[in-house]
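# Report on the structure
The primary structure of each chain is shown beneath.
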Amino acid sequence: QEQLVESGGGLVQPGGSLTLSCAASGFMFRRSTMSWYRQAPGNGRELVASVDAHATPTYADSVKGRFTISRDDEEDTVSLQMNSLKPEDTAVYYCQAAEPIGRYGTLEYWGQGTQVTVSS
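Okay, so let's go over this structure.

Turning our attention to the environment of Thr114. By the element assignment, Thr114 lies in strand β11 (residues 114-118). In this structure the C-alpha to C-alpha distance between Thr114 and Ala91, which are 23 residues apart in sequence, comes to 8.4 Å. Sequence-distant contacts of Thr114, that is, excluding residues within four places in its chain, are made with Glu6, Gly9, Leu20, Ala91, Val92 and Tyr93. At 3.3 Å, the side chain of Thr114 forms a polar contact with the backbone nitrogen of Gly9.

The full count for this structure, using the stated rule, is 4 aromatic pairs. Measuring from ring centre to ring centre gives 4.9 Å for Phe27 and Tyr109, while their planes differ by 45°; the resulting arrangement is tilted. Separated by 82 residues along the polypeptide, Phe27 in the loop between β3 (18-25) and β4 (33-39) and Tyr109 in strand β10 (residues 105-110) bring together distant segments of the chain. In this structure, Phe27 and Tyr109 share a single accessibility class: buried. Aromatic side chains Tyr94 and Trp110 sit 6.5 Å apart centroid to centroid with 80° between the ring planes, which places their arrangement in the edge-to-face category. In this pair, Tyr94 sits in strand β9 (residues 91-101) while Trp110 sits in strand β10, placing the two residues 16 residues apart along the sequence. The exposure class assigned to Trp110 is partly exposed, which follows from its relative accessible area of 34%. Three or more aromatic residues joined by ring pairs form one cluster here, namely Phe27, Phe29 and Tyr109. The side chain of Arg45 reaches across the aromatic face of Tyr94, ending 3.8 Å from its centre.

With that out of the way, let us pick up the environment of Glu46. Position of Glu46 among the secondary structure elements: in strand β5 (residues 46-51). Residue class for Glu46 comes out partly exposed when judged on its relative accessible area of 34%. Sequence separation between Glu46 and Ala60 is 14 residues; the distance between their C-alpha atoms is 8.8 Å. With residues up to four places along the chain from it excluded, the contact list for Glu46 reads Trp36, Tyr37 and Arg38.

Procedures and definitions
- Here, residues in each chain are numbered from 1, in the same order as that chain's written sequence.
- Where totals are concerned, whole chains, interfaces and linings use all residues; where local detail is concerned, this predicted model gives features only for residues with pLDDT of at least 70, and gives and counts side-chain atom pairs only at 80 or more.
- No hydrogens and no water enter the side-chain calculation; it runs on all heavy atoms of the structure.
- Secondary structure elements follow DSSP: runs of H or I no shorter than four residues count as helices, runs of E no shorter than two count as strands, and numbering proceeds from the N terminus.
- Should any heavy atoms of two residues lie within 4.5 Å, those residues are counted as being in contact.
- Any pair of N or O atoms that falls within 3.5 Å is considered a polar contact. Within protein, one atom must be able to donate a hydrogen and the other to accept it, and sequence-neighbouring residues count only if both atoms are side-chain atoms.
- When the centres of two rings from Phe, Tyr and Trp lie within 6.5 Å, Trp using its six-membered ring, the rings pair. Their planes under 30 degrees apart give stacked, over 60 give edge-to-face, and anything left gives tilted.
- For every residue, the accessible area obtained with a 1.4 Å probe (protein chains only) is divided by the maximum for its type, and the residue is called buried under 20%, exposed over 50%, and partly exposed between those limits.
- Over a ring means this: the NZ of a Lys or the CZ of an Arg is within 6 Å of the ring centre and within 35 degrees of the ring normal.

What is shown is where atoms sit, not what they do.
So this is what it looks like as structure tokens:
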């Protein structure tokens, strides 16, 4: 069964750092694009960062230069290093996997989410 388990959330002061981790199992991790999304209260879920099967990262403009996404295909994990955190980064962060199926299809899997709160 496909599973994504996030860890590493918590409370941090503005300007601080946190690292989120996501452990994957039950699907072809190496072939999948892995992403972090976040959802703040009252807002929709937004894409924060992605890393494809070639380890090429992409970032939302709001986190460029502050966040770094990385993957470990030996351990089937994906991480999000978050530096210079701001109060507006406060949200529930979700790990997502997009596994290619066949020629054009994709299956998506989601973790349960981890809370990140940036506050003094």
